[in-house]
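Residue-level listing of the chains:
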Amino acid sequence: MGAGKTTVGRLVAARLGVGFADSDHVVEERAGKPVADIFVEDGEAAFRSLERDAVAWLLEHHDGVLSLGGGAVLDPATRELLAGHRVVFLRVGLAEAVKRVGLGVGRPLLLGNVRSRVKQLLDERTPVYQGLARLTVETDERTAEQVADEILAALQSP
Ligand SMILES: Nc1ncnc2c1ncn2[C@@H]1O[C@H](COP(=O)(O)OP(=O)(O)O)[C@@H](O)[C@H]1O
Ligand SMILES: O=C(O)C1=C[C@@H](OP(=O)(O)O)[C@@H](O)[C@H](O)C1
Ligand SMILES: [Mg+2]
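Everything numeric here is computed off the predicted structure, so don't read it as measured data. (Residues numbered from 1 in each chain as written. Chains lettered and ligands numbered in written order. Predicted model: local features only at pLDDT ≥ 70, side-chain atom pairs only at ≥ 80, totals over all residues.)

Visitor: Can you tell me about the site of ligand 2, naming the residues and giving the values?
Guide: In the vicinity of ligand 2, the contacting residues are M1, K5, T6, D24, V35, G69, G70, G71, R107, P108 and L109. Looking at the shell around ligand 2 residue by residue, the classes come out as 4 nonpolar, 4 polar and 3 charged. (Near = placed C-beta within 6 Å. Nonpolar A, V, L, I, M, F, W, Y, C, P; charged D, E, K, R; others polar.)

Visitor: Break down the environment of R86 for me, with residues and values.
Guide: Looking at the element boundaries, R86 is found in the loop between α5 (76–82) and β3 (88–91). The class of R86 is exposed, set by 12 C-beta atoms lying within 10 Å. Leaving out residues up to four positions away in the same chain, R86 has contacts with R134 and L155. (Helix = DSSP H or I, 4+ residues; strand = E, 2+ residues; numbered from the N terminus. Buried ≥ 20, exposed ≤ 12 C-beta atoms within 10 Å, placed from the backbone. Contact = placed C-beta atoms within 7 Å.)

Visitor: Report on the site of ligand 1, specifying residues and quantitative values.
Guide: Neighbouring ligand 1 are 14 residues; G4, K5, T6, T7 and R100 lie closest to it. Contributing elements (two or more residues each) for the shell around ligand 1: α1 (5–16) and α8 (144–156). The greatest single-element share of the shell around ligand 1, amounting to 4 residues, is contributed by α1. Of the residues assigned to the shell around ligand 1, the class counts are 5 nonpolar, 6 polar and 3 charged.

Visitor: Explain the environment of P108 to me, using residue names and the numbers behind them.
Guide: Its place among the elements puts P108 in the loop between α6 (94–101) and α7 (114–132). When sequence neighbours within four positions are dropped, the list of residues in contact with P108 reads V35, A36, F39 and V40.

Visitor: Tell me about the UniProt feature "binding site: Mg(2+)" (unreviewed entry) in the protein, and please be specific about residues and values.
Guide: Within the UniProt annotation, "binding site: Mg(2+)" (unreviewed entry) is assigned to T6. Along the polypeptide, T6 turns up in helix α1. (UniProt positions renumbered as here; feature names shortened; annotations may be inferred.)

Visitor: Which residues make up the confidence of the model for the protein, and what are the values?
Guide: In the predicted model, the protein carries a mean pLDDT of 96, and 99% of its residues have values of at least 70. Here the prediction assigns the complex a pTM of 0.94, and the interface score ipTM is 0.99. (pLDDT = per-residue confidence, 0-100.)

Visitor: Describe in detail the UniProt feature "binding site: substrate" (unreviewed entry) in the protein, supporting the description with residues and values.
Guide: Taking the UniProt record as the reference, the feature "binding site: substrate" (unreviewed entry) is found at D24, R48, G70 and R125. Tracing the backbone through its elements, the reader meets R48 in helix α4 (residues 44–61). The exposure class assigned to R48 is partly exposed, which follows from the 18 C-beta atoms found within 10 Å. Position of G70 among the secondary structure elements: in the loop between β2 (64–67) and α5.

Visitor: How would you summarise α4 if you had to cite specific residues and measurements?
Guide: Compared with the 26 Å implied by 1.5 Å per residue over 18 residues, the 25 Å span of α4 between its first and last C-alpha is a close match. Within the sequence span of α4, burial applies to F47, L50, E51, A54 and V55. All buried residues of α4 project into a common sector of 135 degrees when viewed along the axis, lining one side. Facing away from the buried side of α4 by more than 90 degrees, the exposed set consists of A45 and E60. Residues of α4 that are buried make contact with α2 (23–31), α3 (35–42) and α5. (Expected span 1.5 Å × (residues − 1). Arc of directions from axis to C-beta.)

Written out as structure tokens, the structure reads:
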């Protein structure tokens, strides 16, 4: 969270002239409410189930750039579906992630102590992200535009 997946994904899609989708947006559309409300009213397991279905649907039907929520790849079935896709890991450091997510409003997993939650999630998830990524891009001290440029350069080189 806060790595810039939604922001940078949209920029990369615009520069390539292809479609853009974000799994959180599809989940919100299907549920008819924001992610934060799904967590509070239905629980994380319900969110993960909607997320798994949304990602599976998007990987089959959406052509272009897809941004996932930060926890989507914790699901083994989702990881399998991503095999063969050009997965990009946007790496973000603890301090920068905390700065970007602010109070964590809209990101229910960060409520409470944002810094300690971000640290815990980075520690748990970084090996998963590294294992899946074809390309890893550092995002600290770079604008979203610079991150998008780096992804495009790397994906377009042979
Ligand atoms: N490289 C960057 N540098 C500074 N701010 C950024 C960068 N990428 C994204 N942001 C900002 O950080 C916040 C979180 O970005 P977002 O795209 O929602 O991240 P994610 O989808 O990975 O959680 C947004 O306010 C966005 O404008
Ligand atoms: O990391 C996570 O588990 C989550 C990340 C969020 O998306 P972003 O990574 O786009 O903020 C959103 O899917 C939900 O709040 C859970
Ligand atoms: Mg996002």
